[in-house]
Amino acid sequence: MDSKAKVIAFANQKGGVAKTTTTLNLAVAFAEKGHRVLCIDMDPQGNLTMSQGIDPDTLETSMYDVLVHRVSIREVIRRREIDVACASIDLAGAEIAMSAQIGRERALEKVVKPIRGEYDFICVDTPPSLGLLTINALTAADKVIVPVQCEYLSMRGLVQLQNTLAMIRENLNPDVEIEGILPTLMDTRTIHAKEAIEILEENFGDRVFASRIKKTIRFAEAPVKGMSVLKYEPDGMAAQSYRDLAKEVLGNGKR
């Protein structure tokens, strides 16, 4: 790794596709391999923050203050399994508060700059929309990982995301690329899931990760305990699938 963290945004404007689950568990899998990792929670729901046992309602400062009031990001980082830059519901008002700022799309990029030398990976969880918070994440990112539920309707959203990325490349961040598309919430018993994977591979070829994230109750149980699935059930199938994904990402996309 060079001395500057690789920034990975996790994006899909459709909700419920295991975006937060993927951000956290892949980050923890990187940390298991000895990498220094920061997760930035850019979702007003604060699910990633809660998944590390932090109550967003008790936070005095959060990513809202970092983006809107230029508070140092170091002030909102808590050390857990990985470092977490916490979100709270205040973040829901960030898009309106930032709308008058000049260079508002680059707010996250600016606040991340001073700490990029302190981490190997910075993983950014985004809200389920293509609004200003997600655009900030994509502008700050080197790579984008797109979790996609293995259903036809979920995959249609990929086209919108690609259009947004094309605009961002043109106007804000020429170097951002899709690192890979991750099939999630897979129910291997259904023909529909297999057909969905086939459609993905026809359209995106080797940009589809070989790793598959299967549906399991563990993904619901682990956040309740305030931990990643790798800590909650280290030897389970769910943990292993994220370790496999980490290997793929660290292997520079060798599929």
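Refer to the structure presented above.
Residues numbered from 1 in each chain as written. Predicted model: local features only at pLDDT ≥ 70, side-chain atom pairs only at ≥ 80, totals over all residues. Heavy atoms only, no water.

Enquirer: Can you walk me through the nonpolar core in this structure?
Expert: Grouped burial of nonpolar side chains is what soluble globular proteins tend to show. Within the largest apolar cluster, 54 residues are counted, with the highest numbers of intra-cluster contacts made by I40, M63, L67, L108 and I122. Excluding anything up to four places from it in sequence, L108 contacts I40, M42, M63, L67, V124, N136, A137 and A140. By size, the runner-up hydrophobic cluster in this structure holds 32 residues, among which are L182, V229, Y242 and V249. (Core = buried A, V, L, I, M, F, W, Y, C linked by side-chain atoms within 4.5 Å. Buried < 20%, exposed > 50% of the residue type's maximum accessible area, 1.4 Å probe, protein only. Contact = heavy atoms within 4.5 Å.)

Enquirer: Hey, could you run me through the environment of A141 in this one?
Expert: By the element assignment, A141 lies in the loop between α6 (132-140) and β6 (143-149). For A141 and V7, which are 134 residues apart along the polypeptide, the C-alpha to C-alpha distance reads 4.8 Å. Contacts of A141, omitting those with residues within four sequence positions, involve V7, A9, N173 and V176. (Helix = DSSP H or I, 4+ residues; strand = E, 2+ residues; numbered from the N terminus.)

Enquirer: Quick question: what am I supposed to make of the side chain of E248 here?
Expert: For E248, the location among the structural elements is in helix α11 (residues 237-250). Owing to a relative accessible area of 8%, E248 belongs among the buried residues under this scheme. A polar atom in the side chain of E248 sits 3.0 Å from the backbone nitrogen of A210. (Polar contact = N/O pair within 3.5 Å; in protein donor to acceptor, adjacent residues only side chain to side chain.)

Enquirer: Honestly, the sheet that holds strand β7 (residues 177-184) in this entry has me stumped. Any pointers?
Expert: Hydrogen bonds between backbone groups are what pair the strands of a sheet, and the pairing can be parallel or antiparallel. With respect to topology, 7 strands assemble into an open sheet ordered β3-β4-β2-β5-β1-β6-β7, the strand pairing being mixed. The open sheet is flanked by β3 (77-79) and β7, the only strands paired with a single partner. On average, adjacent strands in this sheet sit at an angle of 20 degrees to one another, irrespective of strand direction. Pairing of strand β2 (residues 37-41) with strand β5 (residues 121-125) involves 5 bridges; the strand directions are parallel. The partner of I40 across the bridge, within β5, is V124. Docked against the sheet, helix α1 (residues 19-32) engages β1 (6-10), β2, β5, β6 and β7, running at close to 165 degrees with respect to β5. (Pairing = 2+ DSSP bridges. Axes fitted to C-alpha atoms, helices over the stretch in contact; angles between N-to-C directions.)

Enquirer: How should I be thinking about the environment of T139 in this particular structure?
Expert: Residue placement: T139 occurs in helix α6. Overall, T139 belongs to the buried group, its relative accessible area being 2%. For the pair formed by T139 and D55, sequence separation is 84 residues and the distance between their alpha carbons is 28 Å. If sequence neighbours within four positions are ignored, T139 has contacts with E105, R106, E109, I168, L172 and N173.

Enquirer: What should I look at first to understand the pattern of salt bridges in this one?
Expert: Charged atoms that come close allow side chains of opposite charge to pair. Taken as a whole, this structure holds 12 salt bridges when the rule is applied. The partner of D142 in a salt bridge is R116, with the nearest N and O atoms 3.1 Å apart. Here D142 is found in the loop between α6 and β6, whereas its partner R116 is found in the loop between α5 (107-112) and β5, with 26 residues between them in sequence. For R116, a relative accessible area of 14% translates into the label buried. (Salt bridge = Lys/Arg side-chain N within 4 Å of Asp/Glu carboxyl O.)

Enquirer: What exactly am I supposed to notice about the pairing of β2 here?
Expert: For a regular strand, side chains alternate in direction, first toward one face of the sheet and then toward the other. With 5 of 5 residues buried, β2 is to be regarded as a mostly interior element. Burial of β2 is two-sided: the residues V37, C39 and D41 facing one way and the residues L38 and I40 facing the other way are all buried. Here β2 pairs with strand β4 (residues 83-85) via 3 bridges, running parallel. Pairing of C39 across the sheet is with V84, part of β4.

Enquirer: Would you take a moment to explain α6 for this structure?
Expert: An α-helical turn contains 3.6 residues, so a residue and the one three or four places further along point in the same direction. Of all 9 residues in α6, 8 are buried; the element is thus mostly enclosed. Burial in α6 covers these residues: L132, L133, T134, N136, A137, L138, T139 and A140.

Enquirer: What is the right way to look at the pairing of β7 in this model?
Expert: Across the 8 residues of β7, 7 count as buried, placing the element largely inside the fold. In terms of strand pairing, β6 meets β7 through 7 bridges, oriented parallel. Looking at β7, one finds that V144 is bridged to I178.

Enquirer: So what exactly am I meant to see when it comes to the packing of aromatic side chains here?
Expert: How two aromatic rings sit relative to each other is given by the distance of their centres and the angle of their planes. Tallied over the entire structure, the rule returns 2 aromatic pairs. Relative to F121, the ring of F30 has its centre 4.1 Å away and its plane inclined at 15 degrees; by these criteria the two rings are stacked. Of this pair, F30 sits in helix α1 while F121 is found in strand β5, placing the two residues 91 residues apart along the sequence. On the accessibility criterion, F30 (0% relative accessible area) is buried. Classification of F121 as buried rests on a relative accessible area of 2%. Seen in terms of ring centroids, F219 and Y242 are 5.9 Å apart; in terms of plane orientation they differ by 80 degrees. Their pairing is edge-to-face. Within this pair, whereas F219 is found in helix α9 (residues 218-224), its partner Y242 is found in helix α11, the two being separated by 23 residues in sequence. Note on Y242: relative accessible area 0%, which makes it buried. (Phe/Tyr/Trp six-rings, centres within 6.5 Å; stacked < 30°, edge-to-face > 60°.)

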